[in-house]
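# Structure assessment
This is what each chain is made of:
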Amino acid sequence: PDLSIIVAGVALQLDSEQFAAHTTRGSAFTEMEEFGKALSDFSIAEKDPKCRPYAIAGHTKLLITQGEFRYALEIGSELLKRKHSRPMLYMLAAAAKGAGDESKFNWLVKQAEALPDVPPGTGKILLLRQSIRILIENRQFDIAEALVAQLAETDKPARIKTLRAQIGRAKSATAGNVPNV
């Protein structure tokens, strides 16, 4: 992330209207848990029509990382109006589960099952698995564990064991990290 911040900073010094650099730097700041700086960059990049979808995706991820699931749903849903993007479906499914919004999650399941390579009836498992992955990546372990318990009702025991191990490894890896606010 440090190199991304440096490169984006140089690009912005050369051209302050380089909105893609704000998106890149915002993503790096999110990884470094410098949330205020990330939000500032995403807010600037969202003003540019070409960068807006990428900035909104980054902003949505930032909000999930912060546990602001309802706001993540609100911001990220704009991208679904354009076309269905798998990564955005997955992020919004994680946000819906985090927010406890089952009706939004069920709507997202229908959107997933409308994709050409998703067999009918498998959208829920697909979105649950991907939601868990995103929640682990964004250190939302309690919600990820609750979803693993929910998934255990329908998925293979080996998959559940693997997911629980991933959560355990991620928790161990982040145990000593203190977030920047």
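Here is a short report on the structure shown in this document. Not measured: the values here are computed from a predicted model.

### So, the packing of aromatic side chains
One pass over the structure, following the stated rule, counts 0 aromatic pairs. In this arrangement the basic side chain of Lys97 is found over the ring face of Phe105, its NZ or CZ atom lying 4.5 Å from the centre.

### Re the nonpolar core
Among soluble globular proteins, nonpolar side chains are generally buried collectively. Counting 40 residues, the largest nonpolar core has Ile64, Phe105, Leu108, Leu127, Ile132 and Ile136 as its most contacted members. Mapped onto this core, the elements with two or more residues apiece are α4 (52–65), α5 (69–80), α6 (86–99), α7 (102–113), α8 (123–137), α9 (141–151) and α10 (157–174). Ranked by residue count, the leading element in this core is α6, at 10 residues. In contact with Leu127, not counting residues within four places along its chain, are Leu89, Tyr90, Ala93, Phe105, Leu108, Val109 and Ala112.

### Digging into α10
Between its first and last C-alpha atoms α10 spans 26 Å; for 18 residues at 1.5 Å apiece the expected length is 26 Å, and the two agree. Residues of α10 that are buried: Ile160, Leu163, Ile167, Ala170 and Thr174. For α10, the angular spread of buried residues about the axis comes to 90°, placing them on one side. Counted as exposed and oriented over 90 degrees from the buried face of α10: Pro157, Ala158, Lys161, Arg169, Ser172 and Ala173.

### Brief notes about a nonpolar patch on the surface
A surface patch of nonpolar side chains, amounting to about 540 Å² of accessible area, comprises Leu3, Ile6, Val7, Val10 and Leu14. Exposure remark for Leu14: the relative accessible area of 76% places this residue in the exposed category.

### Structural notes on unusual backbone geometry
Here the phi dihedral of Glu33 falls at roughly 60°; this positive angle occurs in a residue that is not glycine. Note on placement: Glu33 falls in the loop between α2 (19–31) and α3 (35–45). One non-glycine residue with positive phi stands out, namely Arg139, at about 60°. Inspection of the secondary structure assignment puts Arg139 in the loop between α8 and α9.

### Here's the deal with the environment of His59
By the secondary structure assignment, His59 is in helix α4. Relative accessible area serves as the criterion here: at 3%, His59 is assigned to the buried category. Along the primary structure His59 and Ser43 are separated by 16 residues, whereas in three dimensions their C-alpha atoms are 8.1 Å apart. Setting aside chain neighbours within four positions, we find His59 in contact with Leu39, Phe42, Glu46, Tyr71 and Ile75. There is a polar contact of 2.6 Å between the side chain of His59 and the side chain of Glu46.

### Re the environment of Thr60
Its location among the elements puts Thr60 in helix α4. Judged by relative accessible area, which is 0%, Thr60 ranks as buried. Thr60 has contacts with Ala72, Ile75, Gly76, Met88, Met91 and Leu92, leaving out every residue within four places of it along the chain. At 2.8 Å, the side chain of Thr60 and the backbone oxygen of Ile56 are in polar contact.

### Examining the packing of α4 against α5
At a minimum axis distance of 8 Å, the contact between α4 and α5 shows a crossing angle of 165°. By the angle class used here, α4 and α5 are roughly antiparallel. In this structure, the crossing between α4 and α5 has a hand that is left-handed. Packed against α4, whose contacting residues are Arg52, Pro53, Ile56, Ala57, His59, Thr60, Leu63 and Ile64, the element α5 presents Phe69, Tyr71, Ala72, Ile75, Gly76, Glu78 and Leu79 at the interface. Here the contact of α4 with α5 is composed, by residue class, of 10 nonpolar, 3 polar and 2 charged.

Rules used throughout
- Residues numbered from 1 in each chain as written.
- Predicted model: local features only at pLDDT ≥ 70, side-chain atom pairs only at ≥ 80, totals over all residues.
- Heavy atoms only, no water.
- Phe/Tyr/Trp six-rings, centres within 6.5 Å; stacked < 30°, edge-to-face > 60°.
- Lys NZ or Arg CZ within 6 Å of the ring centre and 35° of its normal.
- Core = buried A, V, L, I, M, F, W, Y, C linked by side-chain atoms within 4.5 Å.
- Buried < 20%, exposed > 50% of the residue type's maximum accessible area, 1.4 Å probe, protein only.
- Helix = DSSP H or I, 4+ residues; strand = E, 2+ residues; numbered from the N terminus.
- Contact = heavy atoms within 4.5 Å.
- Expected span 1.5 Å × (residues − 1).
- Arc of directions from axis to C-beta.
- Patch = residues over 30% accessible without salt bridge, like charges linked within 9 Å, V, L, I, M, F, W, Y side chains within 5 Å.
- Areas by Shrake-Rupley, 256 points an atom, 1.4 Å probe, with all protein chains shown as cover.
- Salt bridge = Lys/Arg side-chain N within 4 Å of Asp/Glu carboxyl O.
- Polar contact = N/O pair within 3.5 Å; in protein donor to acceptor, adjacent residues only side chain to side chain.
- Axes fitted to C-alpha atoms, helices over the stretch in contact; angles between N-to-C directions.
- Parallel < 35°, antiparallel > 145°, perpendicular 65-115°, else oblique.
- Left-handed = near helix turned anticlockwise from the far one by under 90°.
- Nonpolar A, V, L, I, M, F, W, Y, C, P; charged D, E, K, R; others polar.

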